[in-house]
Amino acid sequence: MTTSSTSSTSTSTSASVGPVVGVLALQGDVREHLAALTAAGATPRQVRRPEELAEVAGLVIPGGESTTMSKLAVVFGLLEPLRERVRAGMPVYGTCAGMIMLADKILDGRDDQETIGGIDMIVRRNAFGRQNESFEAEVEMRGVEGGPVEGVFIRAPWVESVGGGAEVLATFDGHTVAVRQGHVLATSFHPELTGDHRVHALFVDMVRSA
């Protein structure tokens, strides 16, 4: 009986440890994503260097300023390792600036702005307006059960168009605001700034499946 009990306890403890999911911690709302991932059942880690990237099973690219983020990714030697991991199938989720970083093409960006890529889409930066035009809205999102999610839009992009490999998960006011292509997920809005962790739970499930 003692052996059986020990085995059961060991299995339960092992099962309670979620997948290790990194948050790109170069710039942006990193702390909020770490908290949301914890609530969604993951084991979060900050990622600033290639060796830290190698230790995670999935990655969140937070909101922030996409041009600054891309420059810092180059400075920290992360841009090419990020591209390689995405090509190799690592699940990635980008919010707002993170969506821009995951686009194969961007509009209204700097001439020297680089992206990681991963989703066959064209994204327009700051499409919903300036900082003082930020807003919240309910968004119906495919793959997320339990009703609409609360979308926080802060200098948010929208998706101008998607290629054949990308799936539109949500629209708002006639514009695409959530997209998935295989193991890569992106939203224009910030679910990490609300108490609703269902979008992060969807991503953690993607990491588990991978």
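This section reports on the structure supplied with the text. (Residues numbered from 1 in each chain as written. Predicted model: local features only at pLDDT ≥ 70, side-chain atom pairs only at ≥ 80, totals over all residues. Heavy atoms only, no water.)

What follows covers the overall build of the chain. Looking only at helices and strands, the chain features 7 helices and 12 strands. Computed over the C-alpha atoms, the radius of gyration of the chain is 17 Å, within 12% of the 17 Å expected from 2.2 N^0.38 for a compact globule of 210 residues. Projected onto its principal axes, the C-alpha coordinates of the chain cover approximately 65 × 40 × 35 Å. For the chain, buried positions account for 48% of its 210 residues. At a minimum sequence separation of 6, the contacts of the chain that also span at least 24 residues come to 66%. Taken as a whole, the chain presents about 9,800 Å² of accessible surface, with 47% of it coming from carbon and sulfur. (Helix = DSSP H or I, 4+ residues; strand = E, 2+ residues; numbered from the N terminus. Rg over C-alpha atoms; globule rule 2.2 N^0.38 Å. Buried < 20%, exposed > 50% of the residue type's maximum accessible area, 1.4 Å probe, protein only. Contact = heavy atoms within 4.5 Å. Areas by Shrake-Rupley, 256 points an atom, 1.4 Å probe, with all protein chains shown as cover.)

Considering only enclosed or pocket space, the largest pocket measures out at about 210 Å³ in volume. Lining the largest pocket are 15 residues, with Gly 64, Glu 65, Cys 96, Ile 154 and Arg 155 sitting closest to its centre. Tallied by class, residues from the lining of the largest pocket come to 5 nonpolar, 6 polar and 4 charged. (1 Å grid on protein atoms, 1.4 Å probe; cavity = no way out; pocket = protein on both sides within 12 Å on 5 of 7 lines; lining within 4 Å. Points joined across faces, edges and corners; volume = space filled by probe spheres on them. Nonpolar A, V, L, I, M, F, W, Y, C, P; charged D, E, K, R; others polar.)

Relative to the helices and strands, Ser 66 resides in helix α4 (residues 66-75). In this structure Ser 66 comes out as buried when scored by relative accessible area, which is 2%. Within the local environment of Ser 66, its side chain forms a polar contact with the side chain of Gln 113, the two groups lying 3.0 Å apart. Sequence-distant contacts of Ser 66, that is, excluding residues within four places in its chain, are made with Ala 97, Ile 100, Met 101, Gln 113 and Arg 125. (Polar contact = N/O pair within 3.5 Å; in protein donor to acceptor, adjacent residues only side chain to side chain.)

Each aromatic ring pair is characterised by the separation of its centres together with the angle its planes make. Per the stated rule, a full pass over the model turns up 9 aromatic pairs. Geometrically, the ring pair formed by Tyr 93 and Phe 203 is tilted, given 5.8 Å between the ring centres and 40 degrees between the ring planes. Residue Tyr 93 is found in strand β4 (residues 92-95), and its partner Phe 203 is found in helix α7 (residues 198-209); the two are separated by 110 residues along the sequence. Under the relative-accessibility criterion, Tyr 93 is labelled buried at 0%. Its relative accessible area of 0% is what places Phe 203 among the buried residues. With a centroid separation of 5.6 Å and an interplanar angle of 55 degrees, the aromatic rings of Phe 153 and Phe 189 are classed as tilted. Of this pair, Phe 153 sits in strand β8 (residues 149-153) while Phe 189 sits in the loop between β12 (184-187) and α7, and the two are 36 residues apart along the sequence. Judged by its relative accessible area of 1%, Phe 153 falls in the buried class. (Phe/Tyr/Trp six-rings, centres within 6.5 Å; stacked < 30°, edge-to-face > 60°.)

Bringing the environment of Leu 107 into the picture now. Structurally, the position occupied by Leu 107 is in strand β5 (residues 103-107). On the accessibility criterion, Leu 107 (24% relative accessible area) is partly exposed. Along the primary structure Leu 107 and Asn 126 are separated by 19 residues, whereas in three dimensions their C-alpha atoms are 9.7 Å apart. With sequence-adjacent residues up to four places away left out, Leu 107 is seen in contact with Ile 122, Val 123, Arg 124, Arg 125 and Glu 160.

The next subject is the nonpolar core. With 32 residues, the main nonpolar core has Met 141, Phe 153, Leu 185 and Phe 203 as its most contacted residues. Sorting the residues of this core by element identifies β1 (20-24), α2 (30-39), β7 (135-139), β8, β10 (167-172), β11 (175-181) and α7 as the ones contributing at least two each. Top element by residues in this core is α7. It accounts for 6 residues. Excluding anything up to four places from it in sequence, Phe 153 contacts Phe 128, Ser 134, Phe 135, Ala 137, Val 139, Phe 172, Val 177, Ser 188 and Phe 189. Listed in part, the 31 residues of the second largest apolar core include Met 69, Met 99, Ile 119 and Ala 186. (Core = buried A, V, L, I, M, F, W, Y, C linked by side-chain atoms within 4.5 Å.)

As a further point, take the pairing of strand β3 (residues 58-61). Of the two faces of β3, both are covered, the one formed by Gly 58 and Val 60 as well as the one formed by Leu 59 and Ile 61. With 3 bridges joining them, β1 and β3 adopt parallel strand pairing. For Val 21, the partnering residue across the bridge sits in β3 and is Gly 58. The pairing of β3 with β4 spans 3 bridges and is classified as parallel. The partner of Leu 59 across the bridge, within β4, is Val 92. (Pairing = 2+ DSSP bridges.)

Remember that the coordinates give geometry; whether it matters functionally is a separate question.
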